[in-house]
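# Coordinate inspection notes
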Amino acid sequence: MPNPIKNAAAIERDRSALFSAMLQALSAVPADAGAYGFLNALCQSILDNNSTLKWAWYAFQAPGKPLRPYHELGIQHHPDILENPQDPCYQVLSSNTAMTYSLDNPDCPKWLLPLRKQLSEIILVPFGIEGQKALGVVGSSESGYFEQVGTAFFSAFAYMGDMIMSLQQHARRDPLTGLYNRMELDDRLEQALHTADQHQRLLAVAMLDLDNFKEINEKLGRLAGDQILVEFSQLIQKDLRSHDTLFRMGGDEFVLLIEDLERWADLEVVMERIRMNLDRAFTVNQSELRIQASIGVTVYPLDDGKARDIIHHADLALHQAKRHKTAQFYTLYDPSSIYDPNTPQLIARQQHFQALLAEHVVTLYQPIIHTPSGRTHELEALARLEENGILLETGEFLPWLTAEDRRKLSCAVLEQAARQWRLWQDAGQSVSIAVNFEPQDLLLEEVIQFIESTLLCFQMPAGQLIIEVLEGDEFLDYASAKAQLGRLKELGVRIALDDLGTAYASLLRLKDYPFDAVKLDQAFSRHLEKRPRDLHFLASMLEMANGLGVELIVEGIENAEVFSAVTALGIRQVQGYAISRPISAGEISQRFLGQQISMQSSSSSLLVSFARFLVLAKGLRAVLQSMPQSINVQLTCDNLSCPLYPLMNIIPSLREQRAQLQQVIADIVGNHLSSEYSMEIYDHLTANILNAMAAHITAQS
């Protein structure tokens with residue numbers, strides 16, 4: 001390209017145009033627009049004020065990832081610039097010094113070669129703060145342009161960007177977690193959408209929050225709540241990719257921006273890493289607390305909306321996840337199944353399901369097995385809606401129903417269940433039935449009266465009815481909640497707290513409420529065969545339930561091995577697909593009422609052995625502390641009764657550990673060791689044995 005020799009006046013005009021571009025960018029951008037807003041405006045203003053400049057963009061460096069232009073203006077080239085020490089971009093980033101680069105250079109990188117017909121040279125200017133290196137690039141159609149006007153003008157742009165980024169740092173950071181806040185998210189999301197379009201990538205937006213965080217704050221205090229928020233944010237970030245960003249929106253609500261997804265499987269990998277990192281207990285006030293999170297996700301361009309619409313859709317998916325826990329770790333936004341009250345099509349869908357409530361409610365039943373006897377003493381009544389001969393599960397219609405609709409549904413199920421109970425009773429088949437009610441329903445006088453009148457109508461003894469209270473965010477906070485539950489107890493109705501674990505802090509208040517049973521959320525029993533350490537948690541819950549004088553019912557039993565393991569743990573009531581899916585009243589009569597269920601896994605099951613040894617170790621410890629002289633060492637360590645003996649060939653390390661444990665038991669019984677020191681050794685050995693078993697089970701799964 002020609003290299004015109006400019007006089008001083010022409011050069012001054014070019015410099016003046018650059019100075020005007022800077023002023024226009026500063027004046028055109030609102031004070032709260034942030035660094036992205038300024039940089040975007042600056043790139044646009046540079047091109048608008050000088051016909052010689054044809055290309056402008058900026059990029060942020062991420063370890064191990066190519067540089068990609070943000071807000072590329074002028075020429076649309078969309079390069080992926082791979083890391084290479086000889087590349088001019090990476091030379092500038094490493095030296096932190098601006099560089100002018102001619103496209104006639106014989107070593108010109110391949111990504112620049114297609115631009116030779118339109119550009120003569122480019123200038124590369126480094127900037128950035130807090131370890132976040134950034135690069136600004138401007139292209140000129142005239143050779144020597146940057147030398148003539150001086151690189152200092154372009155460096156001044158970078159300094160201006162640095163200054164604005166620094167000034168707004170505090171305004172765009174959450175002071176507690178150090179994460180970016182909503183203001184920064186707005187800018188980042190706009191840029192991420194633009195980049196996803198340019199490079200034909202998927203972009204996922206995930207909204208997360210902690211289940212029942214309000215209760216945790218109230219019971220443990222704000223400082224403990226803040227500690228959990230910090231630890232939660234650290235766990236989420238632990239294995240994120242370099243260009244995934246977590247933001248705190250406020251309270252316990254977070255947003256995760258997951259960029260540069262080439263395929264759907266990439267999103268699954270990210271979400272699985274998050275699931276694994278959160279699958280652990282939080283340490284608060286020197287005690288462990290297991291907390292669950294709800295996550296709603298939407299994916300662009302499948303969700304083809306504006307930035308604020310995408311955030312709204314992720315929020316809708318989050319609320320769906322909170323209301324209806326499923327086996328899926330997160331809930332994906334689907335406008336056909338998630339109720340948005342502002343959408344006419346969805347309102348019509350809601351009205352359709354409301355119409356079905358009148359005559360198309362069907363009640364199915366799922367057995368709850370009493371493990372010591374193998375018999376069914378209780379059933380859970382579960383609602384379905386019949387549509388064109390097909391039974392719809394709750395996840396397909398509950399999100400569309402209002403609170404009043406769901407209350408009507410619960411009452412309809414109660415009436416059908418009571419009528420069916422009468423039929424079973426007349427046929428000589430006795431069984432209790434559990435019916436779900438949302439917590440707010442039980443605060444209404446009309447609901448309590450309906451329950452009472454239904455019992456009278458079908459002459460159903462109140463003790464045969466269990467009301468399962470679906471745990472709500474604020475139910476146990478209401479002064480009237482305890483009184484209303486007390487009224488049900490006066491009738492003789494039994495009360496169960498459903499999905500225990502989704503609001504773990506309420507465990508601490510169970511003693512103040514008249515619950516007869518608690519149902520452990522299936523998240524703690526599902527996949528036990530892969531996560532045997534969760535049996536520790538189940539054992540602790542069983543101890544707490546026993547201490548409170550309530551029955552513990554474990555849901556989510558999905559196979560015979562898990563059934564046998566929780567039975568070995570001493571859990572007396574279980575429910576799940578391994579026993580039966582929800583079925584009709586006729587099938588219940590034929591398969592379960594009056595029948596004994598036998599479901600035992602292999603005698604060599606490692607998971608069952610883990611549960612048996614866990615129970616043995618806990619029980620033996622209590623006796624060793626209180627009455628060591630009552631223990632018969634030879635009988636206790638007998639091969640036939642020891643759950644470790646059959647496993648020693650499978651896990652060789654158990655042979656030596658078992659021998660050491662036997663010796664410690666003998667020393668304690670023989671009073672050869674001080675009690676404090678001996679129990680410390682005992683705890684260390686039993687923990688090592690359980691860890692070895694858990695590691696082997698996990699490796700085999």
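Structure first, text after, so check above.
Just so it is clear, the model here is predicted, and its values are computed rather than measured.

The subject of this paragraph is empty space enclosed by the protein. Per the counting criterion, the structure on display carries four cavities of 30 Å³ or more. Here the second largest cavity defines a volume of roughly 130 Å³. Taken together, 15 residues line the second largest cavity, and the ones lying closest to its centre are F613, L616, C642, L661 and I665. Put simply, the parts of the chain that give the lining of the second largest cavity at least two residues each are helix 19 (606-626), helix 21 (653-669) and helix 22 (675-700). Here the lining of the second largest cavity is composed, by residue class, of 11 nonpolar, three polar and one charged.

Before going further, it helps to spend a moment on the sheet that holds strand 12 (residues 331-332). Strand-to-strand pairing in sheets goes through backbone hydrogen bonds, with the strands running parallel or antiparallel. Pairing in this open sheet of five strands is mixed, and the strands run 7-8-6-11-12 from one edge to the other. Looking at which strands have only one partner, the edges of the open sheet turn out to be strand 7 (244-250) and strand 12. When strand 6 (residues 202-210) meets strand 8 (residues 253-261), the two strands line up antiparallel, connected through seven bridges. Opposite L202, over in strand 8, you have L261 as the bridge partner. Across the face of the sheet, helix 6 (residues 182-199) comes into contact with strand 6, strand 7, strand 8 and strand 11 (293-300) while running at roughly 145 degrees to strand 7.

Turning our attention to the packing of helix 17 (residues 560-568) against helix 19. With their axes 8 Å apart at the nearest point, helix 17 and helix 19 run at an angle of 10 degrees to one another. Judged by the angle between their axes, helix 17 and helix 19 are roughly parallel. Packed against helix 17, whose contacting residues are E561, V562, S564, A565 and A568, the element helix 19 presents L606, L607, V608, A611, R612 and V615 at the interface. Class assignment for the residues of the contact of helix 17 with helix 19 results in eight nonpolar, one polar and two charged.

Calculation notes
Residues numbered from 1 in each chain as written. Predicted model: local features only at pLDDT ≥ 70, side-chain atom pairs only at ≥ 80, totals over all residues. Heavy atoms only, no water. 1 Å grid on protein atoms, 1.4 Å probe; cavity = no way out; pocket = protein on both sides within 12 Å on 5 of 7 lines; lining within 4 Å. Points joined across faces, edges and corners; volume = space filled by probe spheres on them. Helix = DSSP H or I, 4+ residues; strand = E, 2+ residues; numbered from the N terminus. Nonpolar A, V, L, I, M, F, W, Y, C, P; charged D, E, K, R; others polar. Pairing = 2+ DSSP bridges. Contact = heavy atoms within 4.5 Å. Axes fitted to C-alpha atoms, helices over the stretch in contact; angles between N-to-C directions. Parallel < 35°, antiparallel > 145°, perpendicular 65-115°, else oblique.

Read these as spatial facts, not as claims about activity.
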